[in-house]
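Each chain, letter by letter, is given below.
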Amino acid sequence: MSDADLFKLYADRVLALAAAIPHTEPLPDPALRATKRAPLCGSTVSVALRLEGGRIAAFSQTVQACALGQASAAIFGAAVIGRSRAEVAALCEALATMLRGGPVPAAPFAPYEVLTAARDYPNRHASILLAPEATLAALSAV
């Protein structure tokens, strides 16, 4: 597979994810909320959630971001229910490490592999980190 074919495959996967962001319906009576903004590009993600037993039981996100930020929110949203604060914090660290050239985060966040091509675009890293960082900010209020 040529580099151009590989780039197209990744671009198609990113756009498919961006078009299918889960948990976008408003969450009635959330216990926790937070918004994060990427200053370079202006992307924002707002999250609302409820906890049960120290784990995320309900989650909602409002995403106004580039395709990479939207794809990240889709990947994150697909796996966030049932996660603890420690797991979200570990993901934030693993994702930032991946964007700097490290390994892809472990399951259930392994689909972030599709965003490894963004390593070469540091001005987009903040947008990719928005959904997990907003969630961690909300969880830090507990």
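Predicted model only: the values in this text are computed from it and were never measured. (Residues numbered from 1 in each chain as written. Predicted model: local features only at pLDDT ≥ 70, side-chain atom pairs only at ≥ 80, totals over all residues. Heavy atoms only, no water.)

What follows covers the environment of Y112. Within the fold, Y112 resides in the loop between helix 3 (85–99) and helix 4 (125–139). Accessibility expressed as a relative area gives 0% for Y112, which makes it buried. Note: C-alpha distance between Y112 and A74 (38 residues apart in sequence) is 9.8 Å. Discounting chain neighbours no more than four positions away, the residues touching Y112 are S72, I75, F76, L91, L95, M98, V104, P105 and P132. (Helix = DSSP H or I, 4+ residues; strand = E, 2+ residues; numbered from the N terminus. Buried < 20%, exposed > 50% of the residue type's maximum accessible area, 1.4 Å probe, protein only. Contact = heavy atoms within 4.5 Å.)

Here we take up the nonpolar core. If you look at the biggest cluster of nonpolar residues, it comprises 39 residues, and the most contacted ones within it are V47, L49, F76, Y112 and L115. Elements with a minimum of two residues in this core: strand 1 (32–37), strand 2 (44–52), strand 3 (55–64), helix 2 (67–79), helix 3 and helix 4. Take this core: its biggest share by element is 8 residues, from helix 4. (Core = buried A, V, L, I, M, F, W, Y, C linked by side-chain atoms within 4.5 Å.)

Okay, the packing of helix 3 against helix 4 next. Packing of helix 3 against helix 4 leaves a shortest axis separation of 9 Å and a crossing angle of 165°. With respect to each other, helix 3 and helix 4 are oriented roughly antiparallel. Between helix 3 and helix 4 lies a crossing whose hand is left-handed. Of the residues in helix 4, those in contact with R85, V88, A89, L91, C92, L95, A96 and L99 of helix 3 are H125, I128, L129, P132, E133, T135, L136 and L139. Grouping the constituent residues of the contact of helix 3 with helix 4 by class yields 12 nonpolar, 2 polar and 2 charged. (Axes fitted to C-alpha atoms, helices over the stretch in contact; angles between N-to-C directions. Parallel < 35°, antiparallel > 145°, perpendicular 65-115°, else oblique. Left-handed = near helix turned anticlockwise from the far one by under 90°. Nonpolar A, V, L, I, M, F, W, Y, C, P; charged D, E, K, R; others polar.)

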